[in-house]
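Survey of secondary and tertiary structure
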Amino acid sequence: MPVQYSGIIEEHNAVRRAVGLFDVSHMGEIEIRGPEAARLTDFVTTNNVAKLKTGQAHYSGLLYETGGFVDDILVHKVSDDHYFLCVNASNQEKDFEHIRASNHFDAEVDFASDRYAQLAIQGPRARATLQKLTPVDLAAIRYYWFADGEVAGTPARIAHTGYTGEAGFEIYVPPSEAERIWGLVLEAGAEFGIKPCGLGARNTLRLEAKMALYGHEIDASVSPLEADLGWIVKLDKGDFVGRGALLRQKESGLKRKLVGFEMRGRGIGRDGYEVSIDGAPSGWVTSGSPSPTLGKNIGLCYLPIAHAHPGQPIQVIIRNQPVDAVTVETPFYKRAK
């Protein structure tokens, strides 16, 4: 996947205003099957698998016993004994081994990445674009639900999910058909001004929507509670890997939390830059970029819990100089319903 095709801003704006197409076939897929597939999936993830209905998906976390992230993932319930996980590309082998090591259930864990290519059609005209290529009624697929059917005559899993903050679909197809379907999606979206999109626009879009990126906002040293992802943690559902650590963290109180900020001075708060408050080192930037939609320089950073609230003046150290910024409400961008 290239950083850009025609330009990051052009691709970003196409997704916000019309439709963009991403080849995200590098993402990994893991399938869990068997009589106790639900119990295993629930045990290794933070969200409540028991509440998923067939054809529904949710965002969740794989954790170490320490409470830190192995990965953040999407869990799809195909049936009572079949769960389909979409995981991050760089973590897929690690995730597979982590789940397999926790498999004390009557279930099988299958590393399925080689069987799937994934294309993401995102933006206000995504549905109109994809609908030309499938008999599946896309309007009937609610947000974070999916349907199995066909795209361009090929078996496909069509999920109403995405990583851009816009409405759209992620489709899973056989790798041998991906290039053909890519071309057909571009043809179908031509009337709407579709653009092929790269990693650059994928990053600016997800940052505006405050969607976490593994290795930046989350990693093995960070818990979901610290990453402001407490909503994907269901501590009352029963035991799961990392639950004990999260309970202890909740009882003792968080020391830090992820917050959003806008630059007030000139400069961009890039990943890894130090953040200070009143001249004292206080945290670090996890992601930062110009926001094409808002016309501002934005970012995410970790701050001590006492300062992790909107309206906190901070300074981002850029080229050894403190540059003024302020924490703000997130997400930075939320699409109109």
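Before any of the text, the structure's been laid out above.
Described below are features of the structure shown in this document. (Residues numbered from 1 in each chain as written. Predicted model: local features only at pLDDT ≥ 70, side-chain atom pairs only at ≥ 80, totals over all residues. Heavy atoms only, no water.)

1. Points about the pattern of salt bridges
Inspection of every chain in the model, using the stated rule, returns 19 salt bridges. For Lys-210, the salt bridge is made with Asp-228, and the minimal N-O distance between the two is 2.6 Å. Taken as a pair, Lys-210 in the loop between helix H6 (199-208) and helix H7 (243-252) and Asp-228 in the loop between H6 and H7 lie far apart in primary sequence, 18 residues in all. Judged by its relative accessible area of 30%, Asp-228 falls in the partly exposed class. (Salt bridge = Lys/Arg side-chain N within 4 Å of Asp/Glu carboxyl O. Helix = DSSP H or I, 4+ residues; strand = E, 2+ residues; numbered from the N terminus. Buried < 20%, exposed > 50% of the residue type's maximum accessible area, 1.4 Å probe, protein only.)

2. Focus on the sheet that holds strand E15 (residues 296-304)
Taken together, the 6 strands give a closed barrel; going around it, the order is E12-E15-E14-E13-E16-E17, and neighbouring strands pair in antiparallel fashion. Looking at each pair of strands side by side, their axes are set apart by 45° on average, direction ignored. (Pairing = 2+ DSSP bridges. Axes fitted to C-alpha atoms, helices over the stretch in contact; angles between N-to-C directions.)

3. Brief notes about the packing of aromatic side chains
For the coordinates displayed, the defined rule picks out 9 aromatic pairs. With a centroid separation of 5.8 Å and 35° between ring planes, the pair formed by Tyr-59 and Trp-231 is classed as tilted. Of this pair, Tyr-59 sits in strand E3 (residues 57-63) while Trp-231 is found in the loop between H6 and H7, placing the two residues 172 residues apart along the sequence. Overall, Tyr-59 belongs to the buried group, its relative accessible area being 14%. Measuring from ring centre to ring centre gives 5.1 Å for Phe-84 and Tyr-116, while their planes differ by 70°; the resulting arrangement is edge-to-face. Pair noted here: Phe-84 is in strand E5 (residues 82-87) and Tyr-116 is in the loop between strand E6 (108-111) and strand E7 (117-122), with a separation of 32 residues, a long-range link. By relative accessible area, which is 16% here, Tyr-116 ends up buried. Through a chain of ring-to-ring contacts, three or more aromatic side chains come together here, namely Phe-84, Tyr-116 and Tyr-172. Above the face of the Phe-84 ring, Arg-157 is positioned so that its terminal group lies 4.6 Å from the ring centre. (Phe/Tyr/Trp six-rings, centres within 6.5 Å; stacked < 30°, edge-to-face > 60°. Lys NZ or Arg CZ within 6 Å of the ring centre and 35° of its normal.)

4. A closer look at the environment of Val-323
With respect to the helices and strands, Val-323 occurs in strand E17 (residues 321-328). For Val-323, a relative accessible area of 12% puts it in the buried group. Sequence separation between Val-323 and Arg-266 is 57 residues, and the spatial gap between their C-alpha atoms is 7.0 Å. If we skip the residues at most four places from it in the chain, Val-323 touches Met-263, Gly-265, Arg-266, Ile-314, Gln-315, Val-316 and Ile-318. (Contact = heavy atoms within 4.5 Å.)

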